[in-house]
Amino acid sequence: MDNHAFGNGGVKAAANGQADSRSVASSVMNSTETLETDSDVKNVTASERGKWGRDIEFMLSCIAYSVGFGNIWKFPYTALENGGGAFLLPYLIVLFIVGRPIYYLEMVLGQFSSRGVVKLYDLAPAMRGIGVAQSIGMFVVLTYYAPILAITFRYFVASLSTTLPWSECDPSWPNCVNSSAVGQLNVSNTSVTFHSSAELYYLNTIIHKAPSLYDGLGTPDWKLTLCLLFSWVVVAIILMRGAKSTGKASYFLAIFPYVIILILLVQTMTLDGAMRGILYFLTPQWNKLRDVKVWYEAISQCFFSLSVCYGGIVAYSSFNNFRNNVHRDAVIISWLDTFTSIIVGCIVFGVLGNLSLVTGEPDIQKLAKQGAGLTFMTYPDAIAKFKFLPQVFAALFFLMLFIVGVGSNLGVTTSIITAIRDQRPDIKHWHVVLGTAIIGFLSGLVYLTPGGMDFLDVIDDLGAKHVTLTFAVLELAAIAWIYGVDRICRDIKFMLRIETSIYWRICWGLIAPMATVLIFVFSIVNISLKDIPTQYNILGLSIYALAILQLPIFYIYAMHRRRSRHDESLRTAARKALEPLAVWGPEDDGIRMQYQIEEEQYQKTHPVPSSVVQRIKKRMFNMG
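These notes cover the structure that comes with them. (Residues numbered from 1 in each chain as written. Predicted model: local features only at pLDDT ≥ 70, side-chain atom pairs only at ≥ 80, totals over all residues. Heavy atoms only, no water.)

Structural notes on the overall build of the chain
Then, in step 1: When you go through the chain residue by residue, the secondary structure sums to 24 helices and 2 strands.
Then, in step 2: Burial analysis of the chain (624 residues in total) assigns 58% to the buried set.
Then, in step 3: Counted over contacts in the chain with a minimum sequence separation of 6, partners at least 24 positions apart contribute 82%.
Then, in step 4: Element-wise, carbon and sulfur atoms account for 63% of the exposed surface of the chain, whose accessible area totals about 25,000 Å². (Helix = DSSP H or I, 4+ residues; strand = E, 2+ residues; numbered from the N terminus. Buried < 20%, exposed > 50% of the residue type's maximum accessible area, 1.4 Å probe, protein only. Contact = heavy atoms within 4.5 Å. Areas by Shrake-Rupley, 256 points an atom, 1.4 Å probe, with all protein chains shown as cover.)

Right under this line is the structure:
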């Protein structure tokens, strides 16, 4: 047994003999036996969790999960709208003090406990509603992520045509201009708004967009339905064998996109006007730094780019070997994610710079459309004007987008599957995978209707973003202040045998919680319902309300379970329900026993201070 001790020798000083150790072990075993009648405990120990084949597979899977659509279509436009190069400064600051610390924290907790985002709250059973609510938000993301993949694959197939189908106008499209045309558009009738064939191809041929949701959702496009089916088949096949097959797929999903990115970057740099677009993207607008919205957007982008507070990182980390160096992984992945966003931004705006040159439009910002428009309208419009093999560059771009999308969707789906399997380990893994894929496919069809993209905006805003931000605040409160920064650091020392620096302590205990509270308040103050039929807004608000209700429901449930087993007052049960279960700790029985012995010894030799100030000091700064 390892003689590892917490703090500066505190535990060793407490271990005054074998008799004391035996008494501690006996008390731990007795408390565990008392709780083993609880179905929650049985779920933890009922089956052996799958593990990554190699530690590198975990890191590559996290890269594939974190690097996704947010890096390729959200980051470039967000940066442009919020000061260009000036946006990078607050973004890097936020990454350093909020994004990376939360990323590392979720990695640590997942690896330490070998639990998914719901069972993770064995550390504070009353707060289990946080994990359930995050799973609800993740399920909402699961429903619309694959449909975006389907559109991406549809474009990839279209790119293999002899002539890019969006490069020429269809006779039925009014006021259309060929995207393959080079030069500024000169028209005598200035009252008519002209649209590129790439834009009309996306709106009329790909998604058959309805004027608004007031016209109803409509029926799914059959070609996109087949693409959606293919996307889910790919995801399901990779997930069928759990972490082992996901890990093997990660070598391709994480590495190959960077090969394509390198090719596209080199090709972009050769385009006339590319540097103009890149400089436009990177040139700072320093006055933007005084705008609170810029910092809000920086934090938002950091959350959604790294995919923290969704549950995917916790789920992936739960398949790790107990001693894997997640500190190293968190630092590498967070910086790589940012580097990827900047490089892809240079590719996109380099192409826009070329588009500005060949069309004679000096204002690049007028060429850039938000979100999907930038990826499926502006970028294809620019590629259609390439003189040399535009099909190749279109195919490479959409292949890259599809691959990174698959990698991200694996993380999203794994989070849901892990949450289910943690509660019901008796269900076969492949049954859960198949069931999740079928539900994901059927629910995804609604986004492939003519009104689907407008519906997606509503569901994403209220059912995913606001749920994530709300429970990011609660997650940090539960972990940093209820479970405690000091205990997290002891867990890290037990697991990785390293001390946790003051940087991580301050970020976990103060800066990250404050930042998430501010972004949450800002989002609530600025929330506005979309001008759509009332029932759609009600649906979005209902999903948010359903998530919020999980917190009081599970708190009450946890208190009831305690009072049913122990003769406790309501106040005592409310307090005790915030303490870790007796089975909380590492997955391995021997390691968990050692951990529980050392933790109980620590508690005996480090009593809780009576002063509030001393409690905060101990929790935040006490290295022992």
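That shown, we press on.
Focus on the pattern of salt bridges
Then, in step 1: This structure, assessed with the given rule, holds 18 salt bridges.
Then, in step 2: Linked by salt bridges that have partners in common, R115, K119, D122 and R128 make up one network. (Salt bridge = Lys/Arg side-chain N within 4 Å of Asp/Glu carboxyl O.)

As for the packing of aromatic side chains
Then, in step 1: Under the defined criterion, the tally for this structure stands at 41 aromatic pairs.
Then, in step 2: On the basis of an interplanar angle of 75° and a centroid distance of 5.8 Å, the ring pair of Y65 and Y316 is categorised as edge-to-face. Here Y316 lies in helix α13 (residues 312–317) and Y65 lies in helix α4 (residues 55–66), a separation of 251 residues in the sequence. With respect to burial, Y65 and Y316 carry one shared label: buried.
Then, in step 3: With a centroid separation of 6.1 Å and an interplanar angle of 20°, the aromatic rings of F230 and F402 are classed as stacked. A residue pair is termed long-range when its members are at least 10 positions apart, and F230 in helix α9 (residues 222–239) and F402 in helix α17 (residues 390–423) qualify at 172 residues. (Phe/Tyr/Trp six-rings, centres within 6.5 Å; stacked < 30°, edge-to-face > 60°.)

Let's talk about a nonpolar patch on the surface
Then, in step 1: Taken together, the side chains of W222, L226, L229, V233 and I237 present a nonpolar region at the surface, about 520 Å² in accessible area.
Then, in step 2: The topology assignment puts V233 in helix α9. (Patch = residues over 30% accessible without salt bridge, like charges linked within 9 Å, V, L, I, M, F, W, Y side chains within 5 Å.)

Observations concerning the packing of helix α7 (residues 128–159) against helix α19 (residues 452–496)
Then, in step 1: At a closest axis distance of 9 Å, the pairing of α7 and α19 adopts a crossing angle of 145°. Two packed elements cross with a definite hand, and for α7 against α19 that hand is left-handed. Facing G129, I130, A133, Q134, G137, V140, V141, Y144, I148 and I151 of α7, the residues of α19 in contact are M453, L456, I459, D460, G463, A464, V467, F471, L474, E475 and A478.
Then, in step 2: Among the residues making up the contact of α7 with α19, the classes are represented as 15 nonpolar, 4 polar and 2 charged. (Axes fitted to C-alpha atoms, helices over the stretch in contact; angles between N-to-C directions. Left-handed = near helix turned anticlockwise from the far one by under 90°. Nonpolar A, V, L, I, M, F, W, Y, C, P; charged D, E, K, R; others polar.)

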